[in-house]
Amino acid sequence: MSDPLRPIRHGGNLREAARRYGIALDDWLDLSTGINPLGYPVPPIPPDAWRRLPEDADGLAELAATHYGAPLALPVAGSQAAIRALPWLLKKGTVAIAPLTYGEYAPAFVRAGHSVVPLDVNADTLPNAVDHVIVANPNNPTAERLPRHVLLHWHARLASRGGTLIVDEAFADVDPAESLADRSADAGLVVLRSVGKFFGLAGIRAGFVLAAPDVIAMLADALGSWTVSGPARHAVRAAFEDRAWQRETRERLQRDGARLAALIARHGFDARATPLFTSFQTLDASGLQHALATRGIWTRLFDPAGMTPRLRIGLPGSEGEWARLERAMAEVCA
């Protein structure tokens, strides 16, 4: 694998793009993230959410467990908080992570003293030398999915030798059929969920850890009190309780995800998609990103050593933005 301690670049670095290309911030179409562009309309925040300290006993954890179909849930300041804390709570060992996936896992485990090796997601079984496995399902940015029965088989193998399977389900909300949330209280299984992608609320920094009681207790102790702010808890509660919005949004994202994949495919690329983003490999991914950027459209480039470069494109949020992306793709791919 490439150096896990190299600086990590994420999507959403729009100000950097604006400076580089000399285009005003408001003139950009930012498609560099996989975040729902039509996020949940958070109702007005009550004054007490600002004035009072957050209360762990406010029922949010129980509401989240019900929402995800899990036995237990721990609210955290986005999945990132759990990603940084979990490696210190697991026994030191060898951790298998896909060569191209969310980039925060490898450095977090290396800093905690683990060894990181590449994960072959197409392998029939796991090597005996692996203690822990991290899987994003669906994977970001490749859009690959692993069937539930494969993940359960891996979990059984790891748990039998005291290991752990961590499944990042940040992009699973639109189609949760393969989720392991219902099994998350089993020993050796941790599931991470986020409200940032499907609900379009990345800025509030809230997520949930679904795991066994002992893991929940250790994480809660490691992270301390008040990890999720009062305003964030208010927003998440409203979003979880709005079932009609969730149903309509799932339907819309399914349509828009398929529409984006078809748009990319029309220009000759092998599009791989989730409902929230499409990605594709091309040797000229850097040139394509640059050409789109000169037109004020920002996308996410992945160029890992030894692999074909890849471009990831998120969903436009209006018909005007769809037309702008279609026009730009037609120009640069002519």
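Rules behind the numbers
Residues numbered from 1 in each chain as written. Predicted model: local features only at pLDDT ≥ 70, side-chain atom pairs only at ≥ 80, totals over all residues. Heavy atoms only, no water. Helix = DSSP H or I, 4+ residues; strand = E, 2+ residues; numbered from the N terminus. Buried < 20%, exposed > 50% of the residue type's maximum accessible area, 1.4 Å probe, protein only. Contact = heavy atoms within 4.5 Å. Areas by Shrake-Rupley, 256 points an atom, 1.4 Å probe, with all protein chains shown as cover. Lys, Arg positive; Asp, Glu negative; His and termini not counted. Charge placed at Lys NZ, Arg CZ, Asp CG, Glu CD. Pairing = 2+ DSSP bridges. Axes fitted to C-alpha atoms, helices over the stretch in contact; angles between N-to-C directions.

Colleague: Looking at this structure, I do not really get the overall build of the chain. What am I missing?
Modeller: The secondary structure content of the chain amounts to 11 helices and 13 strands. With respect to the principal axes defined by its C-alpha atoms, the chain has extents near 55 × 50 × 35 Å. With 334 residues in all, the chain has 50% of them scored as buried. Restricting to contacts in the chain with at least 6 residues of sequence separation, those with at least 24 account for 70%. Summed over its atoms, the accessible surface of the chain is roughly 14,800 Å², and 53% of this surface lies on carbon and sulfur atoms. Within the chain, the 36 negative side-chain charges are centred at a point lying 2 Å from the centre of the 35 positive side-chain charges.

Colleague: Teacher, can you tell me more about unusual backbone geometry here?
Modeller: Among all residues except glycine, the phi angle is most often negative; among peptide bonds, the trans geometry is most common. In this structure, Pro138 follows Asn137 across a cis peptide bond, with omega equal to 0°. Topologically, Pro138 is positioned in the loop between strand S5 (132-136) and helix H6 (148-160). The residue after Asn140, namely Pro141, is reached through a cis peptide bond having omega 20°. Within the secondary structure, Pro141 sits in the loop between S5 and H6. One non-glycine residue with positive phi stands out, namely Ala143, at about 70°. When you line up the elements, Ala143 lands in the loop between S5 and H6.

Colleague: Whenever I open this one, the sheet that holds strand S4 (residues 115-118) confuses me. Can you help?
Modeller: Picture the strands of a sheet paired through backbone hydrogen bonds; they go either parallel or antiparallel. Spatial ordering of the open sheet is given by S2-S8-S7-S6-S5-S3-S4, a layout of seven strands whose pairing is mixed. This sheet does not close on itself; its edge strands, each paired only once, are strand S2 (74-76) and S4. Neighbour-to-neighbour, the strand axes of the sheet open up by a mean angle of 20°, direction not taken into account. Summarising the sheet, S5 and strand S6 (residues 164-168) pair through five bridges and their orientation is parallel. When the bridges of S6 are listed, Val133 appears paired with Leu165. Helix H4 (residues 79-89) contacts S2, S6, strand S7 (189-194) and strand S8 (207-210) of the sheet and is inclined by roughly 150° relative to S7.

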